[in-house]
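Observations on chain architecture
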Amino acid sequence: MSSPSEESIVASARRLVIKVGSSLVTNDGRGIDHAAVARWAEQIVILSKAGRQVALVSSGAIAEGMQRLGWTSRPSAIHELQAAAAVGQMGLVQAYEVAFSRFGFHTAQILLTHEDLADRRRYLNARSTLMTLLGLSVIPIINENDTVTTDEIKVGDNDTLGALVTNLIEADVLVLLTDQQGLHTGDPRKDAAATLLRRGRAGDAALEAIAGGAGSQHGQGGMLTKVLAAKRAARSGASTVIADGREPDVLTRLAAGEVIGTELIAEAMTLAARKQWLANHVRVEGRLTLDPGAVRALTREGKSLLPIGVSACQGRFERGEIVGCFDIDGREIARGLINYSVSETQRILGKPSSEIESTLGYVDERELIHRDNLVLL
Ligand code: GLU
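Residues numbered from 1 in each chain as written. Predicted model: local features only at pLDDT ≥ 70, side-chain atom pairs only at ≥ 80, totals over all residues. Heavy atoms only, no water.

For the rest of this paragraph, the subject is the sheet that holds strand E11 (residues 322-326). Pairing is mixed across the open sheet formed by 5 strands, whose spatial order is E10-E9-E11-E12-E13. A single partner strand is all that each edge strand has here, and the edge strands are strand E10 (310-315) and strand E13 (374-376). Taking each pair of neighbouring strands and ignoring which way they run, the sheet shows an average axis angle of 20 degrees. Here 4 bridges tie strand E9 (residues 286-290) to E11, and the two strands are oriented parallel to one another. Each bridged residue has a counterpart across the sheet, and for Leu288 the counterpart in E11 is Cys325. (Pairing = 2+ DSSP bridges. Helix = DSSP H or I, 4+ residues; strand = E, 2+ residues; numbered from the N terminus. Axes fitted to C-alpha atoms, helices over the stretch in contact; angles between N-to-C directions.)

Written out as structure tokens, the structure is:
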């Protein structure tokens, strides 16, 4: 038996984001490695059946597109990269769909752009969709929407995208599967003394210095983007594992507690950073007045804000914008990202959540502001 400190952080993770890099998915650019895809699918199915939620971020669209189009070197023209991504994405999702359907699992294609994640309304929409899929045990297959993004507005690499998705769905762990064992203390190709780092602190600047270098010709990530992705993932409290995706049963072994590769641990202060972001907004787009019961629910019981606890609302805000929550004496007690626009809020305030649907004709969320998107002041 291993002691808790020797147990992989994946063991206790309930919600995971797993990212597989282009070199792995496409067998170093030789076309989709269906056997590898089948192995990951089988392992993810085991995790899912054990009650874990898994979202998969997969690279490989451009590499697969190049292969299908018979291009031997990565084009530099953006429209050619976009065309290759469009062709390759077909093969990618098809491979996952086939692999997961063998186990009776559905997959869902999610293509995201930087703008989807920067705009809070779209961010919350993407979040709701992903959470719904995870709740249905569907495996989201996520990639950047390369066809509509250009360099200036790109996330750019899927390590970062994996971290953004980790933040988005508040996953416990981000697993970056790559073609290397993990993070080494130096470049193992040049430095014989370089050893594999087993555990580090996400956000430690010293790791950025040792990670150096760029990516391969097939994908965009390198060790540095992985270290930076770990730092980003840690902002929502998630730790990151960097491990070799060719390691047999890597996912199920990690989940069983085996330490494989490098673990970059998120520290407790990181969760507060996200809340800090909310609290630091200088401008709120609207004001909600809460009845004393709702004030108590928020401040003492750690609950979400429901429409029934709100007696008035002012301002101009859309879904996903920041509103202030005030008590009846006009004191701001909390801030958060609201799930409904001002006109929708006006219609549902004071009502039980069960009446949202009959009032608006649809229901996005039963909370007006979810606890995860709320900070007490
Ligand atoms: N989105 C790119 C693709 O699927 C990969 C980006 C990356 O390699 O990180 O081809």
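This part takes up the side chain of His184. Checked against the element boundaries, His184 lands in the loop between strand E5 (173-178) and strand E6 (199-201). Assessed through its relative accessible area of 10%, His184 is described here as buried. Polar contacts involving the side chain of His184 include one to the main-chain carbonyl oxygen of Gly182, which spans 3.5 Å. Filtering out sequence-adjacent residues up to four positions away, His184 remains in contact with Ala194, Thr195, Leu196, Leu197 and Ile210. (Buried < 20%, exposed > 50% of the residue type's maximum accessible area, 1.4 Å probe, protein only. Polar contact = N/O pair within 3.5 Å; in protein donor to acceptor, adjacent residues only side chain to side chain. Contact = heavy atoms within 4.5 Å.)

Attention now moves to the packing of helix H7 (residues 158-168) against helix H9 (residues 223-234). Between H7 and H9, the least distance of the axes is 8 Å, while the angle of their chain directions is 10 degrees. Viewed along their axes, H7 and H9 adopt a mutual orientation that is roughly parallel. Between H7 and H9, the residues in contact are Asp159, Thr160, Ala163, Leu164, Thr166 and Asn167 and Thr225, Lys226, Ala229, Arg232 and Ala233, respectively. Along the lines of polarity and charge, the residues of the contact of H7 with H9 split into 4 nonpolar, 4 polar and 3 charged. (Parallel < 35°, antiparallel > 145°, perpendicular 65-115°, else oblique. Nonpolar A, V, L, I, M, F, W, Y, C, P; charged D, E, K, R; others polar.)

By themselves, these observations are geometric and do not establish any function.
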